[in-house]
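Chain by chain, the residues run as shown.
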Amino acid sequence: MVVKEELLKSHREGVLLEEIEPRFQLRVNVQKGEIPSGAEVYVYWKGRPPEEFAQSAKDLGLSNDIYKEVVRKAIPVMKEALKINPRLKFTFRLYRMQVESFETLGELLNIFRQEGISYRNIELEADLEFLYEKGKERLRTEIMKRLFYLSITTNLILKTQEEVCLPLELLKELIIEKVELGRGIVEEVFRNMDSIKFEGDVRLLKALVRFFKDLNMSVIADGVDRKEVVDFLYLIGVDELQGPYYGGIVTGEEFLKLLKERMKRFL
């Protein structure tokens, strides 16, 4: 059975939301001794990562209900984590939703508010495709501006090496507090270590990090999987790291265990 048909079947049988679960990826601030700084929250369905069903859910108009459910299920874990470190920020991928107005997003934000989760502990990621979807550019820009005034950080995701060139108009219009370098950008550097491209890739990445930091943006790197990558990103000034090296994408219980173990170093 194809994913879309299976999603529809679960929805019609009233079990879809029961099958949704949040998973978490620990994020650390490498410039501050690798202290935990937050976590990215992923939507899993029947053990499947979002890449396998997110587009089908959007096509069926189920994305918003699924996302609100994962937030509800993530909140108990978030509350326990904030007892351990009240400064943690939890990141949700805005572009997984079907955001047609600020009111649509407001329904999601109300869940946090009703549960006593401060907006200051929430980050929402937006990628270039989300911000520049044809015919919705102005709407999305206005939504981003309103999020900023609610003290919610909006992250701009750079997913591949080819998307390094950002529309400068975007950086003038929006107050973006963090930029996440997609794993493809960092992987490109290390793939080319033995080629003549290596020096140029390193120079470009260093310049890119300096550019964002000159604009008072923090820089996150995703997909970090080994110590040599950690050391390199630390040296070029990247602020926060996440990836398999720090525990990968795990259940709420496993995330809290990882968080407690790492926080012991700072107590």
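Relevant structure appears above.
The shown structure was predicted, so the numbers you read here are calculated from the model rather than taken from an experiment.

A few words now on the pairing of strand S4 (residues 122–127). Most of S4 is tucked away, with six of its six residues classed as buried. Residues of S4 alternate between two faces, with Ile122, Leu124 and Ala126 on one and Glu123, Glu125 and Asp127 on the opposite face, all of them buried. Of the strand pairs in this sheet, strand S3 (residues 89–93) and S4 are connected by four bridges, and their pairing is parallel. What sits directly across from threonine 91, in S4, is glutamate 123.

Further remarks concern the environment of arginine 226. On the secondary structure map, arginine 226 appears in the loop between strand S7 (218–221) and helix H10 (227–235). When near neighbours in sequence (up to four residues on either side) are disregarded, arginine 226 contacts Phe190 and Tyr245. Among the polar contacts made by the side chain of arginine 226, one reaches the side chain of aspartate 225 at a distance of 2.8 Å.

Turning our attention to the packing of helix H8 (residues 183–191) against helix H9 (residues 198–214). Running from N to C, H8 and H9 point in directions that differ by 145°, and their axes come no closer than 8 Å. The two elements H8 and H9 meet at a crossing, and its hand is left-handed. Of the residues in H9, those touching H8 at Ile185, Glu188 and Val189 are Phe198, Asp201, Val202 and Leu205.

Along strand S2 (residues 35–45), 10 of the 11 residues are buried, which leaves the element largely enclosed by surrounding structure. Relative to S2, strand S1 (residues 20–29) runs antiparallel, the two sharing 10 bridges. Residue pairing across strands places arginine 23 opposite tyrosine 42, the latter belonging to S2. Here three bridges tie S2 to S3, and the two strands are oriented parallel to one another. Counterpart to glycine 38 in the pairing with S3 is lysine 89.

Quick look at unusual backbone geometry now. Here the phi dihedral of lysine 46 falls at roughly 55°; this positive angle occurs in a residue that is not glycine. By the element assignment, lysine 46 lies in the loop between S2 and helix H2 (54–59). Within the chain, asparagine 216 stands out as a residue other than glycine whose phi angle is a positive 65°. Considering the arrangement of structural elements, one finds asparagine 216 in the loop between H9 and S7.

An α-helix turns once per 3.6 residues; consequently, residues spaced three or four apart project the same way. Spanning 13 residues, helix H6 (residues 137–149) covers 19 Å between terminal C-alpha atoms, matching the ideal 18 Å at 1.5 Å per step. Restricting attention to buried positions, one finds in H6 the residues Arg140, Thr141, Ile143, Met144 and Leu147. When H6 is viewed along its axis, its buried side chains cluster within an angular range of 160° and face the same direction. Of the residues flanking the end of H6, it is serine 151, one or two places downstream, whose phi is positive at about 65°.

It is worth spelling out the environment of tyrosine 44 at this point. As for its position among the elements, tyrosine 44 is in strand S2. Along the primary structure tyrosine 44 and glutamate 240 are separated by 196 residues, whereas in three dimensions their C-alpha atoms are 24 Å apart. Those residues in contact with tyrosine 44 that sit more than four places away from it in its chain are Glu19, Ile20, Glu21, Arg23, Pro49, Pro50, Phe53 and Ile249.

Reading the values: rules and limits
Residues numbered from 1 in each chain as written. Predicted model: local features only at pLDDT ≥ 70, side-chain atom pairs only at ≥ 80, totals over all residues. Heavy atoms only, no water. Buried < 20%, exposed > 50% of the residue type's maximum accessible area, 1.4 Å probe, protein only. Helix = DSSP H or I, 4+ residues; strand = E, 2+ residues; numbered from the N terminus. Pairing = 2+ DSSP bridges. Contact = heavy atoms within 4.5 Å. Polar contact = N/O pair within 3.5 Å; in protein donor to acceptor, adjacent residues only side chain to side chain. Axes fitted to C-alpha atoms, helices over the stretch in contact; angles between N-to-C directions. Left-handed = near helix turned anticlockwise from the far one by under 90°. Expected span 1.5 Å × (residues − 1). Arc of directions from axis to C-beta.

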